[in-house]
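Summary of the model geometry
One letter stands for each residue in the lines below.
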Amino acid sequence: MSDEKMKDSEIEIGEMKNSQHKIELCAVSNGEVLSIENVPDKVFAQRMIGDGFAVKPTSQSVVAPVSGKLIEVADAKHAYYIETEEGVKILIHVGINTLLLNGEGFSTKLEKGDKVEKGKTLVDFDEELIIKKGYNPIISVIVLDNQDVQMTQKVFPAKEVIAGKTIAMEINF
């Protein structure tokens, strides 16, 4: 009987590998969802590290677009990497060149290794300070390239989105 159960589970695993799976990424901030090529940073706009979307924020909080594990939190608190249970890695990057602020204007208690739930706050930021210092507060959300997984991605641009609620992108693999 245990051999039969093993065979059943092997079949199920085999079918899962070949089946299509979908992940929905929510908007990371209230604001406007834009296509990634509208980001004024060529690394993101030209999809050099992966495809994605951007949010022109109207709020000063950034939430997790998906549930997963934080595999990296930048020392400057401007960038967060989440790995989903499926192994998909997502970069959330707040602002353009905001690394140069060395954490000024960013507030989070999260650390590498923490579990995050879709829609939960990753970081609060001071948009006025970011702009005053000469930086753009646009938020880029990038699905990092993974040569081992074939993915198709669809972005849903929208003028007004709600952080943690509005679906901004769908990934099928």
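Residues numbered from 1 in each chain as written. Predicted model: local features only at pLDDT ≥ 70, side-chain atom pairs only at ≥ 80, totals over all residues. Heavy atoms only, no water.

As for a nonpolar patch on the surface
Among the surface-exposed residues, Val43, Met48 and Ile49 lie close enough to one another that they form a single nonpolar patch of about 220 Å² accessible area. With respect to the secondary-structure elements, isoleucine 49 resides in the loop between helix H2 (42–45) and strand E3 (50–57). (Patch = residues over 30% accessible without salt bridge, like charges linked within 9 Å, V, L, I, M, F, W, Y side chains within 5 Å. Areas by Shrake-Rupley, 256 points an atom, 1.4 Å probe, with all protein chains shown as cover. Salt bridge = Lys/Arg side-chain N within 4 Å of Asp/Glu carboxyl O. Helix = DSSP H or I, 4+ residues; strand = E, 2+ residues; numbered from the N terminus.)

Some words on the sheet that holds strand E4 (residues 61–63)
Across the sheet, which stays open at both edges, the three strands sit in the order E4-E10-E8 with antiparallel pairing between neighbours. With partners counted over all chains shown, the strands left at the sheet margins are E4 and strand E8 (106–107), one partner each. Pairing geometry for E8 and strand E10 (residues 121–125), over two bridges, is antiparallel. If you follow phenylalanine 106 over to E10, its bridge partner there is phenylalanine 125. (Pairing = 2+ DSSP bridges.)

Overview of the sheet that holds strand E1 (residues 22–26)
Reading across from one edge, E1-E14-E12 is the order of the three strands in this open sheet, with antiparallel pairing throughout. Looking along the sheet, the strands with just one partner apiece sit at the ends: E1 and strand E12 (152–155). Adjacent strand axes in the sheet meet at a mean angle of 15° when their direction is disregarded. When E1 meets strand E14 (residues 167–172), the two strands line up antiparallel, connected through five bridges. Each residue of the ladder has a partner; that of lysine 22, found in E14, is asparagine 172. (Axes fitted to C-alpha atoms, helices over the stretch in contact; angles between N-to-C directions.)

Some words on unusual backbone geometry
One non-glycine residue with positive phi stands out, namely arginine 47, at about 55°. With respect to the helices and strands, the residue arginine 47 is situated in the loop between H2 and E3. Judged by its relative accessible area of 34%, arginine 47 is partly exposed. A positive phi angle, near 60°, is found at asparagine 97, a position not held by glycine. Looking at the secondary structure, you find asparagine 97 in the loop between strand E7 (89–94) and E8. Asparagine 97 sits in the partly exposed class, given a relative accessible area of 46%. (Buried < 20%, exposed > 50% of the residue type's maximum accessible area, 1.4 Å probe, protein only.)

Topic: the nonpolar core
Soluble globular proteins tend to bury their nonpolar side chains together. Membership of the largest hydrophobic core comes to 35 residues, with the highest contact counts inside it found for Leu25, Phe53, Val62, Ile90 and Leu122. Mapped onto this core, the elements with two or more residues apiece are E1, E3, strand E5 (68–73), strand E6 (79–83), E7, E10, strand E11 (139–144) and E14. Excluding anything up to four places from it in sequence, isoleucine 90 contacts Leu25, Pro65, Val66, Tyr80, Tyr81, Ile82, Val141, Ile142, Val143 and Ile171. Judged by nonpolar contacts, the second largest core, of 12 residues, contains Ile36, Val39, Ala54 and Ile142. (Core = buried A, V, L, I, M, F, W, Y, C linked by side-chain atoms within 4.5 Å. Contact = heavy atoms within 4.5 Å.)

As far as function goes, none of this settles anything; it's purely spatial.
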